[in-house]
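Next come the chains, spelled out residue by residue.
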Amino acid sequence: GIRLGHEDLNPAKVYCTSADKEEMIEALLKAVYGEEIDYEISPDDIYVGHGTHVSGIIAAELNNGKGGAGIAPGVDLLSCNVFMGDLGASTDDIIEGIVWAQENGADIINMSLGGIVYNGVFAKAVKNAYDNGVAVFCAAGNDSTATYQYPASYPGAISIAALDRGLQKSSFSCYGDKIRYAFPGVDIYSTANATYDWETDITTITTDAYTKMSGTS
């Protein structure tokens, strides 16, 4: 997802594949904690901030006096939130996101997610996007292993590893024969969905936050 209304981001379209799971998750939380818990699932990145950070690396606006600039400012950014808040993402929602991106004219799909479990339907969705002329970039993974990660290791995917400040493999980056490219991935400054006060331990969701993060995303 993406922090809607962020001062340095202007997505062309936003979507959420998992919004229909909101009631199910609230029921599960009630069963676990014994009380009603309002849990919002939407295109808005209000939980983790990961999607907002990656979006800024790609498309933060140029010369607006805010934050920094993305590597491709001015592109039409399509933000599809496939995650159930901070509770992970299901394969069917990710596949739906791939289809949605293609239906809405995406030339490039970025998936900053992954795991070690192979799924044939997921693999076909990635290959189909590739066959239709869509470049599918995927995070190689942050587990410092050569074990294949998916979707990064599916046919048609472009697997991206992370480099440190010395342009060496970062301590966390996955590696191996499926890696296509490597780029800087340590302490990258970009847009954020919230500010954090270390003294009070309070996180505040906002639309003008920036932070540094590390990873293959």
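Every chain is numbered on its own, with residues counted from 1 as its sequence reads. Local features in this predicted model are restricted to residues of pLDDT 70 or higher, and side-chain atom pairs are both shown and tallied only at a pLDDT of 80 or more, whereas totals for entire chains, interfaces and linings draw on every residue. Side-chain measures were taken over the full set of non-hydrogen atoms in the model, leaving aside hydrogen atoms and water.

Soluble globular proteins tend to bury their nonpolar side chains together. Take the buried Ala, Val, Leu, Ile, Met, Phe, Trp, Tyr and Cys residues and link them wherever side-chain atoms come within 4.5 Å; each set so joined is a nonpolar core. Three exposure classes are used, based on accessible area relative to the maximum for each residue type with a 1.4 Å probe and protein chains only: buried under 20%, partly exposed in between, and exposed over 50%. Within the largest apolar cluster, 22 residues are counted, with the highest numbers of intra-cluster contacts made by Ile-98, Ile-109, Met-111, Phe-122, Val-126 and Val-136. Among the nonpolar cores identified, the runner-up in size contains six residues, and Cys-16, Ile-25, Leu-29 and Ile-41 belong to it.

The aromatic pairing rule takes the rings of Phe, Tyr and Trp, using the six-membered ring of Trp, and pairs them if the centres are within 6.5 Å, calling planes under 30 degrees apart stacked, those over 60 edge-to-face and the rest tilted. Counted by the stated rule, this structure contains eight aromatic pairs. Note on Tyr-118 and Tyr-150: the rings are 5.4 Å apart at their centroids and 85° apart in plane angle, and the pair reads as edge-to-face. Here the residue Tyr-118 occupies a position in the loop between β3 (108-111) and α4 (120-131), and Tyr-150 occupies one in the loop between β4 (135-139) and β5 (157-163), the gap between them amounting to 32 residues. Look at Tyr-189 and Tyr-210: their rings are 5.9 Å apart centre to centre, the planes differ by 10°, and that puts the pair in the stacked class. Taken together, the residues span a long stretch of sequence, with Tyr-189 in strand β7 (residues 188-197) and Tyr-210 in strand β8 (residues 202-213) at a distance of 21 residues. Site record: aromatic cluster; members linked through ring pairs are Tyr-118, Phe-122, Tyr-150 and Tyr-154. Segments assigned H or I by DSSP are reported as helices when at least four residues long, segments assigned E as strands when at least two residues long, and all are numbered from the N terminus.

Right, let's talk about the pattern of salt bridges for a bit. Here, a salt bridge means any side-chain nitrogen of Lys or Arg that lies within 4 Å of a carboxyl oxygen of Asp or Glu. Across all of its chains, the model carries eight salt bridges by this definition. Linking Arg-3 and Asp-44 is a salt bridge whose minimum nitrogen-to-oxygen distance equals 2.7 Å. Of this pair, Arg-3 sits in the segment before β1 (13-16) while Asp-44 sits in the loop between α1 (22-33) and α2 (50-59), placing them 41 residues apart in sequence. Of the two residues examined, Arg-3 and Asp-44, each falls in the buried class. Ionic contacts of the salt-bridge type, sharing partners, join the residues Asp-20, Lys-21, Asp-92 and Asp-93 into one network.

Our next topic: the sheet that holds β5. A pair of strands counts as paired when DSSP detects no fewer than two bridges linking them. Across the sheet, four strands lie side by side as β3-β4-β5-β6; this open sheet has parallel pairing. Of all the strands in the sheet, the pair left with one neighbour each is β3 and β6 (179-184). The average angle at which neighbouring strand axes cross in this sheet is 30°, direction not considered. Sheet analysis places β5 next to β6, joined by five bridges and oriented parallel. Within β6, the residue paired with Leu-163 across the bridge is Pro-184. All axes here are fitted lines through C-alpha atoms, helices being fitted over the stretch that makes contact, and every angle between N-to-C directions spans 0 to 180 degrees.

Turning our eyes to something else, we now look at helix α3 (residues 91-103). It helps to recall that an α-helix has 3.6 residues per turn; residues three or four apart then point in one direction. Multiplying one less than the number of residues by 1.5 Å gives the expected span of a helix. Its 13 residues give α3 an end-to-end C-alpha distance of 18 Å, which sits within 8% of 18 Å, the value for a rise of 1.5 Å per residue. Residues Asp-93, Ile-94, Ile-95, Gly-97, Ile-98, Trp-100 and Ala-101 constitute the buried set of α3. Tucked into the core, α3 has its buried residues touching β1, β2 (78-81), β3 and α4. One or two positions beyond α3, positive phi appears at Gly-105, with a value near 85°. Any two residues having at least one pair of non-hydrogen atoms within 4.5 Å are treated as being in contact.

Counting through the fold element by element, Ser-112 comes out in the loop between β3 and α4. Look at Ser-112 and you get buried, because its relative accessible area is 16%. Looking at Ser-112, its side chain comes within polar contact range of the side chain of Asn-110, at 2.9 Å. If sequence neighbours within four positions are ignored, Ser-112 has contacts with His-50, Val-54, Ala-139 and Ser-217. For this analysis, a polar contact is any N or O atom pair within 3.5 Å, provided that within protein one partner can donate a hydrogen and the other can accept it, and provided that sequence-adjacent residues contribute only side-chain to side-chain pairs.

This next bit is on α2. Counting buried positions along α2 yields seven of 10 residues, so the element is predominantly enclosed. Looking only at α2, the buried set comprises Gly-51, Thr-52, His-53, Val-54, Ser-55, Gly-56 and Ala-59.

The next point concerns the packing of α3 against α4. At their nearest, the axes of α3 and α4 sit 10 Å apart, and the two run at 15° to each other. Judged by the angle between their axes, α3 and α4 are roughly parallel. In this structure, α3 meets α4 at a crossing whose hand is left-handed. Contact with α3, carried on its side by Thr-91, Ile-94, Ile-95, Ile-98 and Gln-102, involves Val-121, Phe-122, Ala-125, Val-126, Asn-128 and Ala-129 of α4 and no other residues of that element. Each residue is assigned to one of three groups, with Ala, Val, Leu, Ile, Met, Phe, Trp, Tyr, Cys and Pro labelled nonpolar, Asp, Glu, Lys and Arg labelled charged, and all others, Gly among them, labelled polar. Of the residues that constitute the contact of α3 with α4, the class distribution is eight nonpolar, three polar and no charged. Here is the rule for angles: anything less than 35 degrees is roughly parallel, anything more than 145 is roughly antiparallel, 65 through 115 is roughly perpendicular, and the remaining ranges are oblique. Handedness of a helix crossing follows the sense of rotation of the near helix relative to the far helix, less than a right angle counterclockwise being left-handed and clockwise being right-handed.

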